[in-house]
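# A closer look at the structure
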Amino acid sequence: VEPISLGLALAGVLTGYIYPRLYCLFTECCGQKRSLSREALQKDLDSKLFGQHLAKKVILNAVSGFISNPKPKKPLTLSLHGWTGTGKNFVSKIIAENIYEGGLNSDYVHLFVATLHFPHASNITLYKDQLQLWIRGNVSACGRSIFIFDEMDKMHAGLIDAIKPFLDYYDHVDGVSYQKAIFIFLSNAGAERITDVALDFWRSGKQREEIKLKDMEPALSVSAFNNKNSGFWHSSLIDRNLIDYFVPFLPLEYKHLKMCIRVEMQARGFEIDEDIVTKVADEMTFFPKEERVFSDKGCKTVFTKLDYYYDD
Ligand SMILES: Nc1ncnc2c1ncn2[C@@H]1O[C@H](COP(=O)(O)OP(=O)(O)OP(=O)(O)O)[C@@H](O)[C@H]1O
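First, a word on what this report is: a plain description of the structure on this page.

Definitions and cut-offs
- Residues numbered from 1 in each chain as written.
- Predicted model: local features only at pLDDT ≥ 70, side-chain atom pairs only at ≥ 80, totals over all residues.
- Heavy atoms only, no water.
- Helix = DSSP H or I, 4+ residues; strand = E, 2+ residues; numbered from the N terminus.
- Contact = heavy atoms within 4.5 Å.
- Areas by Shrake-Rupley, 256 points an atom, 1.4 Å probe, with all protein chains shown as cover.
- Buried < 20%, exposed > 50% of the residue type's maximum accessible area, 1.4 Å probe, protein only.
- Pairing = 2+ DSSP bridges.
- Salt bridge = Lys/Arg side-chain N within 4 Å of Asp/Glu carboxyl O.
- Disulfide = S-S within 2.5 Å.
- Near = heavy atom within 4 Å.
- Polar contact = N/O pair within 3.5 Å; in protein donor to acceptor, adjacent residues only side chain to side chain.

## Regarding the overall build of the protein
When you go through the protein residue by residue, the secondary structure sums to 13 helices and seven strands. Excluding contacts between residues fewer than 6 apart, the proportion of contacts in the protein whose partners are at least 24 apart in sequence is 74%. Here the protein displays about 15,900 Å² of accessible surface, and carbon together with sulfur accounts for 56% of that area.

Next comes the structure, spelled out in structure tokens:
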């Protein structure tokens, strides 16, 4: 074999195979990190997420199943519903961190907050065009893009329909395939319904872990669909069944707040002080008025309350 063709072959291997892999060892590349596994995601969810046995199960199966599917028929669409401070954003962060090193800061993960990115109803046409361009551009650059839409219940009705074509069972839309993308919608819509079920279980003396997805899902999709405040208001996403999974987040109890406070203490490098844990948890407010079972703010604000006890 002449040296020239050998040299060319070697150059081809270097540039086409070896270099990209070496490059991706030192910087983040499209297509998820090597260490992604069902076990790693399960370990993260088990160690970090409190009081959400249903969300854990659905997210673990849905995400690991989707990622390991070489040829999905449509993008993965998850709709996370529940009370404030129960872990919806937190879970989105865990998912993003399991798929990309950069997590929510990854170039391939995009977070939209309705009140921040789409504040004015009068600009809805502009928002629709921008959103479609943004999604199309990013999925063209990386098929495994993740889009997180927070505060769906504050999203102008119909804006979310602008992305319907990307979520549907199409091989390609204008030459771009969205089938490996992930869309995560976060909403408080349906929180009342979820709380009703959780309260019924509590009042009948059952463990919250006995609540099954079937107790939640039908009412959840209907309440999200019929909730005038929900971005899904009569959205074709639901009536076209483009949402793969409705993920209910249960209201958190006193014991879960204590877990959040302990995690925060450790995160700040403090020894766990159970007196302070109890004092901070006791400052939080609970509902309903009589039984005071569930935290009004979930695990939110416990962290700032800690400042008071360590503000020396
Ligand atoms: N179930 C949980 N397990 C562990 N930590 C939690 C849980 N829920 C909330 N937290 C803690 O509280 C913080 C705020 O929660 P998060 O932002 O996920 O709430 P949310 O459900 O998205 O609320 P909202 O609907 O108001 O946006 C999280 O970053 C996390 O530190």
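Read on, since the account is not over.
## As for the pairing of strand E1 (residues 76-82)
Buried residues dominate E1, accounting for seven of its seven residues. Here E1 shows two buried faces, one formed by Leu76, Leu78, Leu80 and Gly82 and the other by Thr77, Ser79 and His81. In terms of strand pairing, E1 meets strand E4 (residues 182-187) through six bridges, oriented parallel. Along E4, the bridge assignment pairs Leu76 with Ile182. Relative to strand E5 (residues 245-249), E1 is paired through five bridges, and the arrangement is parallel. By the bridge assignment for E5, Gly82 is matched with Phe249.

## Details of the pattern of salt bridges
According to the stated counting rule, one finds twelve salt bridges in the structure shown. One salt bridge in this structure joins Glu291 and Arg203, with 2.6 Å as the shortest N-O distance. Of the two residues, Glu291 is situated in the loop between strand E6 (286-287) and strand E7 (294-295) and Arg203 in helix H8 (residues 191-203); the sequence distance between them amounts to 88 residues. A residue is classified by how much of its surface remains accessible, and Arg203, at 47% relative accessible area, is partly exposed. For Asp215, the salt bridge goes to Lys214, with nearest N and O atoms at 4.0 Å. A relative accessible area of 65% means that Lys214 is categorised as exposed.

## Some details on the state of the cysteines
Counted according to the given criterion, the structure contains two disulfides. Disulfide partner of Cys260: Cys299, at an S-S distance of 1.9 Å. Across the S-S bond linking Cys260 and Cys299, the dihedral sits near 90 degrees, which makes this disulfide right-handed. With Cys260 in helix H11 (residues 254-267) and Cys299 in the loop between E7 and helix H13 (302-310), the pair connects residues that are 39 residues apart, well separated along the chain. Summarising the burial analysis for this pair, Cys260 and Cys299 share the class buried.

## With respect to the site of the ligand
Close contacts around the ligand come from 18 residues, with Phe50, Thr84, Lys88, Asn89 and Lys300 the closest. Within the side chain of Thr84, one N or O atom sits 2.6 Å away from an oxygen atom of the ligand. Asn89 has a polar side-chain atom sitting 2.7 Å from an oxygen atom of the ligand. Contact with the protein chains hides 83% of the accessible area of the ligand, taken as 630 Å² for the molecule alone. No other element matches helix H4 (residues 88-99), which puts three residues into the shell around the ligand.

## Considering unusual backbone geometry
A negative phi angle characterises most non-glycine residues, just as the trans form characterises most peptide bonds. In this structure, Pro288 follows Phe287 across a cis peptide bond, with omega equal to -10 degrees. Inspection of the secondary structure puts Pro288 in the loop between E6 and E7. Backbone geometry at Glu151 places phi at a positive 60 degrees, although glycine is not the residue there. Structurally, the position occupied by Glu151 is in the loop between strand E3 (146-150) and helix H7 (164-167). The phi angle at Asp174 is positive, at roughly 50 degrees, despite the residue not being glycine. Summarising the element assignment, Asp174 is placed in the loop between H7 and E4.

Keep in mind that these numbers describe shape and distance, not what the molecule does.
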